[in-house]
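Structural overview for review
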Amino acid sequence: MPPSGSTRRQRQRGEIETLPSGSLRVRVYAGVDPISGKRHHLTEVIPAGKDAAKLAEKARTRMQAEVDERRNPRTRATVAQLMERYLDVLQIEDTTRAGYERLVRLHIGPLLGRLAVGRIDGETLDSFYRELRRCRTHCGGRPVDEHHTDGEHTCDKRCGPHRCRPLSTSSVRQTHNLLNGAFTRAVRWRWVGSNPVRQAEPPALPKADPQPPTPAQAARIVTTALTDPDWGMLVWLAMTTGARRGELCALRWRDVDFAQCVVRIGSSLGQLGSRVWEKDTKTHQRRRIVLDAQTLALLRSYLHRRAELATALGTELAADGFVFSSSLDGSTPVRPDTVTQRYRRMCARLGWDMHIHQLRHFSATELIAAGVDVRTVAGRLGHSGGGTTTLRVYAAWVAEADQRAAETLAARLPDILQTTEPAAALPAGSGSSSHDPPPHELIATDLRGAIRCGALTSGDQLPTCKELGTRYGVAISTAQRAVATLRDEGRVRVARGRRATVA
């Protein structure tokens with residue numbers, strides 16, 4: 001029976017109901033809701049007016065066509081229900097899943113979660129992205145006070161007026177990609193007829209801005225880290241190999257081939273809270289990284305010291321133990337988050353705001369600046385795509401390489417200086433100056449730190465001046481000057497025809 005105060009006129013495969021207000025409500029059967037299992041109808045209300053009947057008939061015809069062409073939403077499920085179902089069937093790493101769940105909890109759920117999937121369109125998503133770019137806490141422009149805790153407390157400097165901070169461009173784009181994947185599945189499941197995310201303007205790709213430490217900063221970082229031999233070895237290997245922090249934490253002694261001078265990267269450590277597990281590398285590929293003579297010497301010294309320490313305390317270093325371990329036998333790896341936090345604290349004491357992933361940037365940048373081809377650099381870093389990612393993300397602008405390029409170009413041009421007027425002399429003090437120490441001092445500082453921390457012990461040979469020149473990108477005479485500085489300090493012995501050794 002129709003409800004009191006309304007009349008209903010039956011239509012083929014649909015109905016138009018006259019409401020007490022005079023408006024017409026159009027309903028077309030669209031199947032069974034896959035979420036609730038109930039009958040699902042498309043509905044639309046036409047305001048009262050002289051053309052209401054004609055408009056209602058057009059709406060009924062249009063909705064019938066949508067049902068026939070399967071362009072209609074088949075469910076009244078909300079965006080929150082879609083995201084829950086999508087994440088339930090998605091096969092991804094645990095750390096990636098935790099990041100997706102955080103985006104849903106903090107942004108997608110509060111702003112879009114209650115909306116039906118059939119109500120989402122390009123305009124809604126554009127407004128959603130605009131709000132994320134305005135304020136990450138979705139304050140709505142209202143002046144509010146922020147507190148450092150939700151419980152009872154006495155306000156201090158951590159509490160105060162709210163200041164809007166936009167969500168980062170990379171996070172907004174990640175949210176867009178997450179929604180796109182969810183609605184693509186919804187189309188496949190026939191929850192909706194089309195993907196509305198494709199109607200919205202995707203956030204622009206974040207501009208790659210790698211900021212690796214300068215050679216002077218890298219020298220100070222290594223020297224500071226080597227005051228603790230265990231920690232210094234990890235930082236040194238991160239800088240020379242460009243390996244990710246999880247790959248370094250998962251490195252075992254069986255992966256280091258001293259005879260072939262290579263280290264094999266085949267696994268990584270993941271961490272989520274207090275849980276740590278071993279997994280595949282980020283790009284799911286194994287790679288071999290060639291080590292230089294100095295790094296091999298440091299690793300041998302490090303291995304020898306760890307084995308002696310384990311023996312002295314009544315245990316034995318396991319052959320397949322972790323290279324960087326919190327236990328004497330190498331059975332327990334160092335946690336990736338611990339590495340990140342310790343590196344940040346060390347750089348903060350030096351006056352810099354840096355993270356350990358920048359050592360990966362440093363390795364790529366210095367190799368490319370030294371003339372190593374991009375494919376080789378990409379292979380060392382574990383990048384796919386023939387080096388596209390390496391150039392776009394990791395290769396920072398290097399002034400020295402740019403200067404060499406300018407000199408190479410100038411060498412191909414005719415010498416016109418002889419036909420021009422002599423340049424006016426520069427006024428005193430107008431030349432550029434640098435606060436960085438001279439190159440030979442950087443080399444001497446690096447070697448001095450290795451000797452001080454025990455990485456180079458009495459009688460050990462120093463790298464040749466040719467090797468030092470190649471490593472630091474300087475002339476052999478500059479490397480000789482650095483060795484002479486250490487000789488004058490009494491730290492090394494130098495004899496004609498022989499390599500310098502630690503005094």
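Residues numbered from 1 in each chain as written. Predicted model: local features only at pLDDT ≥ 70, side-chain atom pairs only at ≥ 80, totals over all residues. Heavy atoms only, no water.

By the naming in an unreviewed UniProt entry, the protein chain is Tyrosine-type recombinase/integrase, taken from Pseudonocardia humida.

Comments concerning the packing of aromatic side chains
In this structure the tally under the stated criterion is four aromatic pairs. Plain terms: the ring middles of F128 and Y129 are 5.7 Å apart, the flat faces sit at 50 degrees to each other, and that makes the pair tilted. Neither residue differs from the other here; F128 and Y129 are each classed as buried. For the ring pair W189 and W191, a centre distance of 5.5 Å and an interplane angle of 50 degrees mean the geometry is tilted. An aromatic cluster is defined as three or more aromatic residues linked by ring pairs; in this entry it consists of W253, Y302 and F324. The ring centre of F322 lies 3.9 Å from the NZ or CZ of R252, which sits over that ring. Positioned over the ring face of W277 is R275, at 4.2 Å from the centre of the ring. (Phe/Tyr/Trp six-rings, centres within 6.5 Å; stacked < 30°, edge-to-face > 60°. Buried < 20%, exposed > 50% of the residue type's maximum accessible area, 1.4 Å probe, protein only. Lys NZ or Arg CZ within 6 Å of the ring centre and 35° of its normal.)

Side note on a positive patch on the surface
Taken together, the side chains of R102, R105, R136 and R165 define a basic patch exposed on the protein surface. Tracing the chain through its elements places R165 in the loop between strand 6 (160-161) and helix 5 (169-188). (Patch = residues over 30% accessible without salt bridge, like charges linked within 9 Å, V, L, I, M, F, W, Y side chains within 5 Å. Areas by Shrake-Rupley, 256 points an atom, 1.4 Å probe, with all protein chains shown as cover. Salt bridge = Lys/Arg side-chain N within 4 Å of Asp/Glu carboxyl O. Lys, Arg positive; Asp, Glu negative; His and termini not counted. Charge placed at Lys NZ, Arg CZ, Asp CG, Glu CD. Helix = DSSP H or I, 4+ residues; strand = E, 2+ residues; numbered from the N terminus.)

Describing the sheet that holds strand 11 (residues 287-290)
With antiparallel pairing, the three strands of this open sheet are ordered in space as 7-8-11. Only two strands of the sheet have a single partner each, and these edge strands are strand 7 (256-257) and strand 11. Here strand 8 (residues 262-265) runs beside strand 11; their pairing, made up of four bridges, is antiparallel. Opposite V263, over in strand 11, you have I289 as the bridge partner. (Pairing = 2+ DSSP bridges.)

Here's the deal with helix 6 (residues 215-225)
Because an α-helix packs 3.6 residues into every turn, residues spaced three or four apart end up facing the same way. A large share of helix 6 lies buried, amounting to eight of its 11 residues. By the burial criterion, the buried members of helix 6 are A216, Q217, A218, A219, I221, V222, T223 and A225.

What about a negative patch on the surface?
Among the surface-exposed residues, D121, E123, D126 and E201 lie close enough to one another that they form a single negatively charged patch. Mapping E201 onto the fold places it in the loop between helix 5 and helix 6.

Quick look at the state of the cysteines
For the structure shown, the criterion picks out zero disulfides. No disulfide involves C159; its sulfur sits 4.0 Å from the nearest other cysteine sulfur, which is in C155. In this structure C159 comes out as buried when scored by relative accessible area, which is 15%. (Disulfide = S-S within 2.5 Å.)

Description of the environment of R342
With respect to the helices and strands, the residue R342 is situated in helix 10 (residues 336-349). Spatially, the C-alpha atoms of R342 and W231 are 9.2 Å apart, while their sequence positions differ by 111 residues. Setting aside residues no more than four positions away along its own chain, R342 makes contact with D228 and W231. (Contact = heavy atoms within 4.5 Å.)

Some words on a nonpolar patch on the surface
A contiguous nonpolar patch, built from L309, L313 and L328 and spanning about 240 Å² of accessible area, is present on the exposed surface. Among the structural elements, L313 can be located in the loop between helix 9 (293-312) and helix 10.

A closer look at the nonpolar core
Core analysis: the biggest nonpolar cluster contains 59 residues, and I221 and Y343 have the highest contact counts within it. For this core, the leading source of residues is helix 7 (residues 229-241), giving eight residues. (Core = buried A, V, L, I, M, F, W, Y, C linked by side-chain atoms within 4.5 Å.)

A few points about the side chain of R306
Note on placement: R306 falls in helix 9. Residue R306 is classed as buried on the basis of its relative accessible area, which comes to 6%. When near neighbours in sequence (up to four residues on either side) are disregarded, R306 contacts D230, L317, S325, S327 and L328.

Regarding the pattern of salt bridges
Counted according to the given criterion, the structure contains 19 salt bridges. A salt bridge links E247 to R287; its shortest N-O distance comes to 2.7 Å. Separated by 40 residues along the polypeptide, E247 in helix 8 (residues 245-249) and R287 in strand 11 bring together distant segments of the chain. Accessibility expressed as a relative area gives 2% for E247, which makes it buried. A salt bridge links R254 to D320; its shortest N-O distance comes to 3.7 Å. Here the residue R254 occupies a position in the loop between helix 8 and strand 7, and D320 occupies one in the loop between helix 9 and helix 10, the gap between them amounting to 66 residues. Using a relative accessible area of 46% as the deciding quantity, one classes R254 as partly exposed. Residue classification places D320 among the partly exposed residues on the basis of a relative accessible area of 39%. Residues joined in a network through salt bridges with shared partners are D230, R305 and R306.

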